[in-house]
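This is what each chain is made of:
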Amino acid sequence: MSRKTERYPVPSANSLWHIYKTVPFLKVMKNFVVIQLARYTPWLGMKNWLYRHGLRMKVGEETAVALMVMMDVMFPEKISIGRNSVIGYNTTLLAHEYLIKEYRLGEVKIGDEVMIGANSTILPGVTIGDGAIVSACTLVHRDVEPYTFVGGNPMQVIKQLPRPEKA
């Protein structure tokens, strides 16, 4: 199962040498400043405001992003996080990959009531379903089904979680 990314071949040198043909320099600088402010602020409301208004991310109500989380500096607008989710300390969310012969872009979609443990990395083109749990230090390289507990590197399903009963 491959991730949902768009591929862009580059004609010469590695794709990182083409970075400012991909994304404007001033956008990267603005995103860098906003991300650094958000990484260090302890106020969740302020952090979510910075993500929504400074980076054009979709962030649900009551979502908590811990200290030191690193959002994609090039394409943060491709990241969406649902309602009442927790993104653990020092996690990285990427919407781009710069490789030797190409670069790839893909949306990162995180559902409602998702728990992502500390020091995890979410790669571009990944969807994490509602109610999923991602163990600390996990490399999320493919989609995670709703109400599934995953962990490790390579990521593996640890167990299916019970779905909440409808009221």
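Residues numbered from 1 in each chain as written. Predicted model: local features only at pLDDT ≥ 70, side-chain atom pairs only at ≥ 80, totals over all residues. Heavy atoms only, no water.

A. Here's a closer look at the packing of aromatic side chains. Tallied over the full model, the rule gives three aromatic pairs. With a centroid separation of 5.3 Å and an interplanar angle of 75 degrees, the aromatic rings of Tyr 20 and Phe 25 are classed as edge-to-face. For Tyr 20, a relative accessible area of 44% corresponds to the partly exposed category. By the ring-pair criterion, three or more aromatic residues cluster together here, those being Tyr 8, Tyr 98 and Tyr 103. (Phe/Tyr/Trp six-rings, centres within 6.5 Å; stacked < 30°, edge-to-face > 60°. Buried < 20%, exposed > 50% of the residue type's maximum accessible area, 1.4 Å probe, protein only.)

B. Spotlight on unusual backbone geometry. Each neighbour pair has its own omega, and for Asn 153 with Pro 154 the value is 10 degrees, a cis peptide bond. Tracing the chain through its elements places Pro 154 in the loop between β16 (148-151) and β17 (156-160). Unlike most non-glycine residues, Met 68 shows phi in positive territory, near 70 degrees. On the secondary structure map, Met 68 appears in the loop between β3 (64-65) and β4 (70-71). Judged by its relative accessible area of 16%, Met 68 falls in the buried class. (Helix = DSSP H or I, 4+ residues; strand = E, 2+ residues; numbered from the N terminus.)

C. Just the nonpolar core, in detail. Counting 39 residues, the largest nonpolar core has Met 71, Leu 93, Ile 110 and Ile 128 as its most contacted members. Those elements that provide at least two residues to this core are α2 (25-40), α3 (44-54), β5 (79-81), β9 (102-105) and β10 (108-110). With four residues, α2 is the largest single contributor of residues to this core. (Core = buried A, V, L, I, M, F, W, Y, C linked by side-chain atoms within 4.5 Å.)

D. Region of the structure containing a nonpolar patch on the surface. Taken together, the side chains of Tyr 20, Phe 25, Leu 26 and Met 29 make up a nonpolar region of the molecular surface, amounting to roughly 440 Å² of accessible area. Considering every element that reaches the nonpolar patch, the biggest residue donor is α2, with three residues. Following the sequence through the fold, Tyr 20 ends up in helix α1 (residues 19-22). (Patch = residues over 30% accessible without salt bridge, like charges linked within 9 Å, V, L, I, M, F, W, Y side chains within 5 Å. Areas by Shrake-Rupley, 256 points an atom, 1.4 Å probe, with all protein chains shown as cover. Salt bridge = Lys/Arg side-chain N within 4 Å of Asp/Glu carboxyl O.)

E. Structural detail: the side chain of Glu 102. Mapped onto the elements, Glu 102 comes out in strand β9. At a separation of 2.7 Å, a polar atom in the side chain of Glu 102 contacts the side chain of Arg 104. (Polar contact = N/O pair within 3.5 Å; in protein donor to acceptor, adjacent residues only side chain to side chain.)

F. Region of the structure containing the sheet that holds β5. With parallel pairing, four strands are arranged side by side in an open sheet as β2-β5-β10-β13. Edge positions in the open sheet fall to β2 (58-59) and β13 (127-128), since each of these has one partner strand only. Relative to β10, β5 runs parallel, the two being bridged by three bridges. Residue pairing across strands places Ile 81 opposite Ile 110, the latter belonging to β10. (Pairing = 2+ DSSP bridges.)

G. Highlighting the pattern of salt bridges. As enumerated under the stated definition, the model contains nine salt bridges in all. The closest approach of N and O atoms between Arg 3 and Glu 97, which form a salt bridge, is 3.1 Å. Of the two residues, Arg 3 sits in the segment before β1 (6-9) while Glu 97 sits in strand β8 (residues 96-98), which places them 94 residues apart along the sequence. As a salt-bridge pair, Asp 143 and Lys 4 come within 2.7 Å of each other at their nearest N and O atoms. One end of the pair, Asp 143, is in the loop between β15 (139-140) and β16; the other, Lys 4, is in the segment before β1, and 139 residues separate them in sequence. Accessibility expressed as a relative area gives 23% for Asp 143, which makes it partly exposed. The class for Lys 4 is partly exposed, based on a relative accessible area of 47%. Connected through salt bridges with shared partners, the residues Arg 3, Arg 7, Glu 97, Glu 102 and Arg 104 form a single ionic network.

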